[in-house]
Amino acid sequence: MIGTHLLTSGIIFGLSIGSIYFLMTIGLSLCFGLMRIISLDQLLYYSLGAYVTYSVSLATGTLWLGILGGVLVAGAASRAVERLVFRRTYQRELTFSMITSFGILIGGVGIIKYFWGLVPRPVPVPIAAQLDILGTEVPVYRLVVIGIALAVYAGIWLFLHRTIIGKAIRAGIEDAEHVEGLGINVHRLFTITFVIAGSLSGLAGALHAPLIMVDPQMGLEVLAFAFMVVIIGGLGSIKGTLVSSLIVGQVISLGSLVYAPLAQMAPFAVMLLILLVRPTGLFGSALLKR
Amino acid sequence: MSWVGATIVRERTGAAQRIRASAAAIVAWWWGLVLAFALLASLRLFLPLPFLNEVVIFSIYTVGCNFLLGRVGFISFGQPAYLAVGAYAAAFYLYYFGNNAYVGILVGVAAGIAVALVVGPLFVRLRSDYFALINLALAVIIFYLMQKVLADITHGDNGLWFLTRLASTPVLDLTRPDRFFIFACLVGFAVWAFYKYLDDSVFGACCLAAKVNDDKLKFLGYSNFAIRLTAFVIANSTTALAGAMYAVYLGFVSPEITSPARAADPVVVTILGGAGTLYGPIVGSLTYTGMKDLISRVMVNWELVVGFLIVFIMLAGERGIWGTLQPRLQKLVRRMRAGTGADSGGERR
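Residues numbered from 1 in each chain as written. Chains lettered and ligands numbered in written order. Predicted model: local features only at pLDDT ≥ 70, side-chain atom pairs only at ≥ 80, totals over all residues.

## Details of the overall build of chain B
And step 1. Looking only at helices and strands, one finds 14 helices and two strands in chain B.
And step 2. Radius of gyration (C-alpha) of chain B: 22 Å, near the 20 Å computed for a compact globule of 349 residues.
And step 3. Along the first, second and third principal axes, the C-alpha set of chain B runs to 85 × 50 × 40 Å.
And step 4. Every one of the 349 residues in chain B was classed for burial, and the buried ones make up 46%. (Helix = DSSP H or I, 4+ residues; strand = E, 2+ residues; numbered from the N terminus. Rg over C-alpha atoms; globule rule 2.2 N^0.38 Å. Buried ≥ 20, exposed ≤ 12 C-beta atoms within 10 Å, placed from the backbone.)

Shown next as C-alpha cells:
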C-alpha cells in the first residue's frame, strides 16, 4: 500500500519529530519528577528558543549560532521565572503550579507578539544536502536533529547517573526531604533542574524552527502533543518520555501517510488506549503527592 | 368537650407554626439566589447588554468548573472542549436542520451529556494531574477536529454563521438580545438553584468526601467511580449548556471557542471568584470579563496583561474575591439579624 520510499522518509520524519518532542517534554517530566510541578511554561521557552534562533541567524547568517543563542536565552528566561515565580509555588498544590505556569505561557506569548509581531517567520534550513538511505533521499538536517536528541539523552543519563549533582537530583526525585536532611541544598537542585529543562525546551524550539514557520502561537500548537507524550510515557520518567515521544512521532508521521487528518487524531487515540490499560502511563509509577 | 376543642386549637397553632417555620426555611434557602440574580439583572441599568449577556453565559460556563474544582477536587483544564461540544452541536442543528433556538440549546446539552458519558469513565479514573492534562489535550484535539479535520462541515476557521436562520421563538424571543438576557438570567437562576440543591444533598457531601478522603468514602459503601462520574457529567453538561447558549446568542461558532489560549479561562475565573463558593463564578466572571473588556480597549495585546494577571492572582490569594467577601458579609448579616431579633441560619454561601 505504501511504497518503501515513502515509508523510509516517513519513519525518518517521525523520528525527527519524536526527537523534538523528546527535547521539549523532558523538561516537563524532570520538573514534575523533582519539584512536583507541572511547568507549562516550558512551551514558552520552546517558542522563545525558536524566535531567538530566527533573529540571531538572520543577523549573523549562521543557524548554529542562532541555536546556541536560543538555548542561552531560554535558559536565562527559565532561571528568571524560577526565581520570581516558581520559588513561591513549590509548597503549594500541583494544580497551582499548572495554572501559574499557564499564565506565564500566555503572558510570554503576549511578549513575543509585542517584539516579533504576528506574522509567521521562515527560518532557512542550514544543511540542504540529502543523504541516500535504502534508495530514498533523506534531508541530512533531520538526521542531525535525531543525532542531537540521542546525544542529549545520553548526556542527561550520564549527568544523572555519573555526577554528584545528578545523583542528588535522582535522590530528590525519590525523596526530597531526605536529601535535604543530608545537607544538600534542594532549592539549588530545583534551580539547576529548571534551567536544564528550560534550555532543552529552547533547544527543541531552535531545532524545530527550520522545519516549520516560527509564529507566536507555536507553543500553544504543540501543547497537545507535549501533553500526549508526557501522559503516554508517564510523568517523571525520562525513559518513558523517550519511548513515548518516539511512539508519538511515528504515529503522527505514519498516520498522516495513511490519511492526512490522522496526524492530529491518531496520537490521541493511542493515548486513550494506553490510559485504558495503564492509568499512569507506560513508565509512570504510582507517585504519591508530596 | 372543651378539652377536645383545646387540642384542636393547639394542633392548629402547631400546624400554623410548622407552616411558618417551613416557609421561613424556604425563604432562607431562596433569598440568596433571588438577591444575587436580582442584583445581576439590575446591572442592566448601568452596563451595556452585550457585556451582561457575556457575563451571564460565562458564569454558567464557569459554574461547572467551580463544582469540579471546589467540590470534587478535579481541576479541569479542558472545559473549552465541552463548551465547544455544546456550541457545535447547537450550531450543527441550527445550521443544517432546524431553526428553533430552544431546540438548539437542548441539542447542545444532550451532546454535552453524551460526550461526557463517553470520555468520563476513562477520565475520572485518573489521578488529578493526569486528569488536568488529558482534558487540555481533549480541548486541543477538538480544536483541531473543528478547524481542520471536519472543515467540510464546520467551515474551518470561518465558522458557521446562522444568525439569519434563527426563527423568532414564542414567549421569549431569543433572537433579540434583551429577551435573551432575561432568558439567560432565568437559566442561570435555575442552574444555581440546582447547584445549591446539590451542595445540600447527600450527593454533594459525597463529592466533598471524594475530594477530601476517598478511602473513607469507599469505606462508607459509596462508589468513588460512580460519584466522580456523575459529578463529571453534571459539570460538563452545564458547560455544554453555556456553549449552546453562546452559539444561539452570537449566531455563529468558530474553532476559536476552544482555542488552547483560552483553556485556563474557567479555572482562573473560578479561583478569582473563590473556588467552591456558590456565587464565586458570578463575581469572578463579572470581574474577569470586565477587566478583559477594559484592557482590550486600551491595548491590542491583552494576552500579556491577562497572563501576568493570572500569575498575580495565583500568587496573591487563594480564596478569591467572593471567598474573602463572604465571611465579612455573613458577619454583617448576622449583626443586622441580631438587631432585629430574627434567627440566623441558611446564609448565602
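Text resumes after the structure shown.
## Some remarks on helix α10 (residues 224-250) of chain B
Residue and element names in this part refer to chain B.
And step 1. Over its 27 residues, α10 extends 39 Å from the first C-alpha to the last, a length consistent with the 39 Å expected when each residue adds 1.5 Å.
And step 2. The element α10 is extensively covered by neighbouring structure, given that 20 of its 27 residues are classed as buried.
And step 3. The positive-phi residue at the C-terminal boundary of α10 is G251, with phi of around 75°. (Expected span 1.5 Å × (residues − 1).)

## Here we look at the environment of F162(B)
Residue and element names in this part refer to chain B.
And step 1. Examined against the element boundaries, F162 turns out to sit in the loop between β1 (160-161) and α7 (177-200).
And step 2. Between the alpha carbons of F162 and F92 there is a distance of 9.5 Å; along the sequence they are 70 residues apart.
And step 3. With residues near it in sequence (within four places) discarded, F162 still touches A91, L94, Y95, G251 and F252. (Contact = placed C-beta atoms within 7 Å.)

## Overview of the interface of chain B and chain A
A common way to express how large an interface is: the accessible area buried when the components associate.
And step 1. The partner chain A presents 37 residues to the 34 residues of chain B that form the contact.
And step 2. Sort the elements by how many residues they give to the side of chain B that touches chain A and helix α5 (residues 128-149) of chain B lands first, with 13 residues.
And step 3. Split into classes, the residues belonging to the side of chain B that touches chain A amount to 26 nonpolar, three polar and five charged. (Nonpolar A, V, L, I, M, F, W, Y, C, P; charged D, E, K, R; others polar.)

## Quick notes on the pairing of strand β1 (residues 130-133) of chain A
All names here are of chain A.
And step 1. Bridge count between β1 and strand β2 (residues 136-139): four bridges; the pairing is antiparallel. Directly across from I133, in β2, lies its bridge partner T136.
And step 2. Joining the antiparallel neighbours β1 and β2 is a turn of two residues, in which L134 adopts a positive phi near 55°. (Pairing = 2+ DSSP bridges.)

## A few points about the packing of helix α8 (residues 202-212) of chain B against α10(B)
Residue and element names in this part refer to chain B.
And step 1. Where α8 meets α10, the axes come as close as 10 Å, and the angle between the chain directions of the two elements is 110°. With respect to each other, α8 and α10 are oriented roughly perpendicular. Like other packed secondary-structure pairs, α8 and α10 cross with a definite hand, here left-handed. Where α8 abuts α10, its residues C206, C207 and A210 lie against N224, I227, R228 and A231.
And step 2. Of the residues assigned to the contact of α8 with α10, the class counts are five nonpolar, one polar and one charged. (Axes fitted to C-alpha atoms, helices over the stretch in contact; angles between N-to-C directions. Parallel < 35°, antiparallel > 145°, perpendicular 65-115°, else oblique. Left-handed = near helix turned anticlockwise from the far one by under 90°.)

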